[in-house]
Amino acid sequence: MAERQQPLIAIDVVPIGYDQSTQKLRYGTATRRFEPFAGEQALPGVLLGPDETLDEAARRALADKGGFRPGKVTHLTQVGTFDGPGRDPRDKAISVAFLAVIAPHPSRLITWRDWGDDDGMPFDHDRILEAAKDVARTRLWVDQAFTRAVTGETFSTRDASTIAATLTGTAPHAGNLHRQLSGLDGLTATGKGESTVAGGRRATTWAWGSTPG
């Protein structure tokens, strides 16, 4: 009987981050160092080590390929599993994809790209990116840990509006957004910020409190 060939297990990560100073939500790619596709922009990824958990491999990919220290990774969640005979030209491989929220942090290894920038990546990384974007869109305001990581500990209503508009493609209604934020556990309106919104009104500043439970 022929020996069964087991597929490789790759771990690919979509790093995202919101920068309040530029008011932009972006995702990151890294330049591939080796063939195939050397020199092209792709998602940070590694092959799963024999003694690693999936989360550990994802964090290693962020450190080795992205230059992100552990403290800069504020949230990590699995996106899904991706397969197909032609996704990797080297060998049959299955990818377990993650979405990682990164605190604002410059890195010489990462190129931060606008949310709508989809010039094309090798392997099936475009498909992974779209799935990660969908996860981010559906978890905003619903998953507190994810939302808190994206917004940061304090943020303005304008930041919240920018993040929501980037993820959904539509600017939220100001009144509806305020009610939504007011209803989130652990989030408190702390006063008026420096930035302004339509009509010259000052944008409310919001702050997360201690995690319930």
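Please refer to the structure placed before this passage.
Remember, it's a predicted structure, so these values are computed and weren't measured experimentally. (Residues numbered from 1 in each chain as written. Predicted model: local features only at pLDDT ≥ 70, side-chain atom pairs only at ≥ 80, totals over all residues. Heavy atoms only, no water.)

## Notes on the nonpolar core
To be explicit about the condition: Put simply, buried Ala, Val, Leu, Ile, Met, Phe, Trp, Tyr and Cys residues joined by side-chain atoms within 4.5 Å make one nonpolar core. Buried, partly exposed and exposed residues are distinguished by accessible area as a fraction of the type maximum, computed with a 1.4 Å probe on protein chains only: under 20%, between the cut-offs, and over 50%, respectively. What counts as a helix is a DSSP run of H or I of at least four residues, what counts as a strand is a run of E of at least two, and both are numbered from the N terminus. Throughout, a residue-residue contact means that at least one pair of heavy atoms, one from each residue, lies within 4.5 Å.
Core analysis: the largest hydrophobic core is formed by 34 residues, its most contacted members being Val-14, Ile-16, Leu-99, Trp-141, Val-150 and Leu-181. No other element matches helix α2 (residues 125–139), which puts five residues into this core. Apart from the residues lying within four places of it in its own chain, the contact partners of Leu-99 are Val-14, Ile-16, His-75, Leu-76, Thr-77, Val-79, Ala-132, Val-135, Ala-136 and Phe-146. Among the nonpolar cores identified, the runner-up in size contains 16 residues, and Val-13, Val-46, Ala-58 and Val-96 belong to it.

## Focus on helix α1 (residues 54–64)
Counted only if it meets this: Here the arc refers to the directions that run from the helix axis out to each C-beta atom.
Regarding α1, the residues found buried are Ala-57, Ala-58, Ala-61 and Leu-62. Seen along its axis, α1 keeps its buried residues to an arc of 140 degrees; they face one direction. On its buried side, α1 packs onto β1 (8–19), β4 (45–47), β5 (73–82) and β6 (93–102).

## Here we look at unusual backbone geometry
With an omega of 0 degrees, the peptide bond running from Glu-35 to Pro-36 counts as cis. Among the secondary structure elements, Pro-36 is positioned in the loop between β2 (24–31) and β3 (41–42). Phi angles above zero are rare outside glycine, and Gln-23 is one such case at about 50 degrees. Here Gln-23 shows up in the loop between β1 and β2. With relative accessibility at 24%, the residue Gln-23 sits in the partly exposed group. Within the chain, Phe-123 stands out as a residue other than glycine whose phi angle is a positive 55 degrees. Locating Phe-123 in the fold gives a position in the loop between β7 (110–114) and α2.

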